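Examining the three-dimensional arrangement
Below, each chain spelled out in residue letters.
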Amino acid sequence: MSSVLIKMKVNGTEREVLVDPEDRLIDVLRDTFGLKSVKEGCGTGDCGLCTVIVDGRPVLSCIMPAFQARDRSIVTLEGLNNDPLMKKLEDSFRDHHAAQCGFCTPSMEIMGFDLLKRVKKPSKEQVKEAISGTLCRCTGYYDIIDSIYDVGVNE
């Protein structure tokens with residue numbers, strides 16, 4: 001399979017990109033489109049740091065071939081900058097000191113956002129489950145869980 005031109009909607013904007021069969025979605029998002037909130041930790045889908053929303057569902061972009069993004073809608077943290085719910089979530093992360101080094105923060109916020117869009121007033125157990133696929137090496141998760149939970153309770 002040779003390079004192919006694909007169209008996708010990224011953060012609400014129609015984009016075209018030439019991809020090779022071995023290109024991953026994370027590489028297109030970071031290197032071609034400059035979306036640096038999408039982090040690579042493991043490259044094997046184990047750490048969750050590369051999570052983006054594809055057609056309304058969280059997806060690990062490090063294991064998704066870029067050509068599979070054809071005609072799909074991709075949302076990264078940058079695409080949620082003006083969303084009122086994301087603003088509340090970011091404020092809550094700050095207020096709870098939920099970001100230590102900050103490397104996992106984009107993925108944790110994406111997962112929190114996804115949960116709060118699907119579940120009104122989630123329990124702490126639901127928050128724990130929602131972020132369970134994203135590794136954090138700094139906070140011990142408690143402040144992250146409280147940040148997401150508090151937004152859900154007050155929403």
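Before any of the text, the structure's been laid out above.
So, a few notes on the structure that sits alongside this text. Keep in mind that this is a model prediction, so the values were computed, not measured.

A few words on the nonpolar core. One finds L89, F93, M108, F113, I131, I144 and I148 to be the most contacted residues of the largest nonpolar core, which totals 27 residues. Contributing elements (two or more residues each) for this core: α2 (84–95), α3 (105–118), α4 (124–131) and α5 (142–154). It is α3 that contributes the most residues to this core, 6 residues altogether. When neighbours within four sequence positions are excluded, F93 is seen to be in contact with A98, A99, T105, M108, E109, I144, S147 and I148. Judged by nonpolar contacts, the second largest core, of 20 residues, contains M8, V17, V52 and A66.

Quick look at the packing of aromatic side chains now. The description of an aromatic ring pair uses the distance of the two centres, along with the angle that the planes make with each other. By the definition in use, this model includes 0 aromatic pairs. Between the NZ or CZ atom of K124 and the centre of the ring of Y149, over which it lies, the distance is 5.2 Å.

With that out of the way, let us pick up the sheet that holds strand β2 (residues 13–19). If you trace the 5 strands from one edge of the open sheet to the other, you get β2-β1-β5-β3-β4, paired in mixed fashion. Looking at which strands have only one partner, the edges of the open sheet turn out to be β2 and β4 (57–60). Neighbour-to-neighbour, the strand axes of the sheet open up by a mean angle of 40°, direction not taken into account. Note that strand β3 (residues 51–54) and strand β5 (residues 73–75) share 2 bridges and pair antiparallel.

Right, let's get into empty space enclosed by the protein. The full count for this structure, using the stated rule, is 1 cavity of 30 Å³ or more. What lines the largest cavity is simply S37, V38, L49, T51, V52, T76, L77, P106, S107 and I110. Elements with a minimum of two residues in the lining of the largest cavity: β3 and α3. The leading source of residues in the lining of the largest cavity is α3, at 3 residues. Residue classes in the lining of the largest cavity are distributed as 6 nonpolar, 4 polar and no charged.

Right, let's talk about α4 for a bit. Note on helix geometry: an α-helix contains 3.6 residues per turn, so any two residues three or four positions apart are oriented the same way. Turning to α4, its buried residues are V127, A130 and I131. Down the axis of α4, the buried set is contained in an arc of 85°. They therefore lie on one face. Exposed residues lying more than 90 degrees from the buried face of α4 are E125 and E129. If you follow the buried residues of α4, they end up packed against α3 and α5.

Quick look at the environment of Y149 now. The topology assignment puts Y149 in helix α5. Classification of Y149 as partly exposed rests on a relative accessible area of 26%. In sequence terms Y149 and V127 are 22 residues apart; their C-alpha atoms lie 6.6 Å from each other. Contacts of Y149, omitting those with residues within four sequence positions, involve P122, S123, K124 and V127.

Cut-offs and rules
Residues numbered from 1 in each chain as written. Predicted model: local features only at pLDDT ≥ 70, side-chain atom pairs only at ≥ 80, totals over all residues. Heavy atoms only, no water. Core = buried A, V, L, I, M, F, W, Y, C linked by side-chain atoms within 4.5 Å. Buried < 20%, exposed > 50% of the residue type's maximum accessible area, 1.4 Å probe, protein only. Helix = DSSP H or I, 4+ residues; strand = E, 2+ residues; numbered from the N terminus. Contact = heavy atoms within 4.5 Å. Phe/Tyr/Trp six-rings, centres within 6.5 Å; stacked < 30°, edge-to-face > 60°. Lys NZ or Arg CZ within 6 Å of the ring centre and 35° of its normal. Pairing = 2+ DSSP bridges. Axes fitted to C-alpha atoms, helices over the stretch in contact; angles between N-to-C directions. 1 Å grid on protein atoms, 1.4 Å probe; cavity = no way out; pocket = protein on both sides within 12 Å on 5 of 7 lines; lining within 4 Å. Points joined across faces, edges and corners; volume = space filled by probe spheres on them. Nonpolar A, V, L, I, M, F, W, Y, C, P; charged D, E, K, R; others polar. Arc of directions from axis to C-beta.

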